[in-house]
Amino acid sequence: MGFFQDFIGVDFWTALFVLLNTLAVFFVAKKFLFGPVHKIITDRQNEIDEMYADAGKAKSEAQEMAAEYQKKLSEAQATSDRMVKDAVLRGQKREEEIVRQANAEAASILDKAAADVALEKKKAVNDAKNEIADMALSIAGKVIGRELTDKDQAKLVDQFIDELGDNA
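Residues numbered from 1 in each chain as written. Predicted model: local features only at pLDDT ≥ 70, side-chain atom pairs only at ≥ 80, totals over all residues. Heavy atoms only, no water.

### What to know about the overall build of the chain
Each helix and strand counted, the chain has three helices and zero strands in total. When the elements of the chain are put in sequence order from the N terminus, they spell out α-α-α. Split into buried and exposed, the 168 residues of the chain put 4% on the buried side. Carbon and sulfur atoms provide 63% of the accessible area of the chain, an area that totals close to 15000 Å². (Helix = DSSP H or I, 4+ residues; strand = E, 2+ residues; numbered from the N terminus. Buried < 20%, exposed > 50% of the residue type's maximum accessible area, 1.4 Å probe, protein only. Areas by Shrake-Rupley, 256 points an atom, 1.4 Å probe, with all protein chains shown as cover.)

### Some thoughts on the pattern of salt bridges
Oppositely charged side chains may form a pair once their charged atoms are brought near each other. What the rule picks out here adds up to four salt bridges. With a closest N to O distance of 3.2 Å, K39 and D43 form a salt bridge. Here K39 pairs with D43, and both are found in helix α2 (residues 12–144), just four residues apart, close to one helical turn. Close ionic contact of E47 with R44 constitutes a salt bridge, the shortest N to O distance being 3.0 Å. A residue pair is termed a helical-turn pair when its members lie 3 or 4 positions apart in one helix, as E47 and R44 do in helix α2 at three residues. (Salt bridge = Lys/Arg side-chain N within 4 Å of Asp/Glu carboxyl O.)

### Considering the packing of aromatic side chains
What the rule picks out here adds up to three aromatic pairs. When the ring of F12 is compared with that of W13, the centres are 5.4 Å apart and the planes differ by 75°; the resulting orientation is edge-to-face. Like F12, the residue W13 is exposed in the burial classification. Put simply, the rings of F26, F27 and F34 touch in pairs and so form one group of aromatic residues. (Phe/Tyr/Trp six-rings, centres within 6.5 Å; stacked < 30°, edge-to-face > 60°.)

### As for the confidence of the model for the chain
Summary statistics for the chain give a mean pLDDT of 84 and a share of 84% for residues scoring 70 or more. Highest mean pLDDT in the chain belongs to α2 (89); lowest belongs to helix α1 (residues 2–8) (59). (pLDDT = per-residue confidence, 0-100.)

### Here's the deal with the environment of F160
Turning to its location among the elements, F160 is positioned in helix α3 (residues 150–167). The spatial distance from the C-alpha of F160 to the C-alpha of K129 is 9.6 Å, given a sequence separation of 31 residues.

Shown next, in the form of structure tokens:
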């Protein structure tokens, strides 16, 4: 064995002790190092998985809140649009009412003005008729040379007015 030992340079007993020492270190490391490190890694992995789950839950809640916000925003917009339309309709109705009242007042004023004009015209005609009648009676009285009775006066006035109406 001396030659084998000199050629390779490995002592069998030394190699055996090194192997046994390595196995002992391995088992001790496995028991006291790999186990706790594996537990720490597993705990950390569980913590990370839990954080991802919480993040996913928060994300879904945020999406639900965003959807709810969007829904409320749409409802508010619809309410706003409806209120504007109602206000426009009320404004249009009020405008129509004001125009209708103004037209009614204008028609009333025109009717009153027409009635006033007709009344003034009739009054003017009657005043002119009375003046003309007085003048005609006065002239007729001078022409005939006598005083006329009421019946004669009325007859002459009517005849004179009829002649005036035919000439006009």
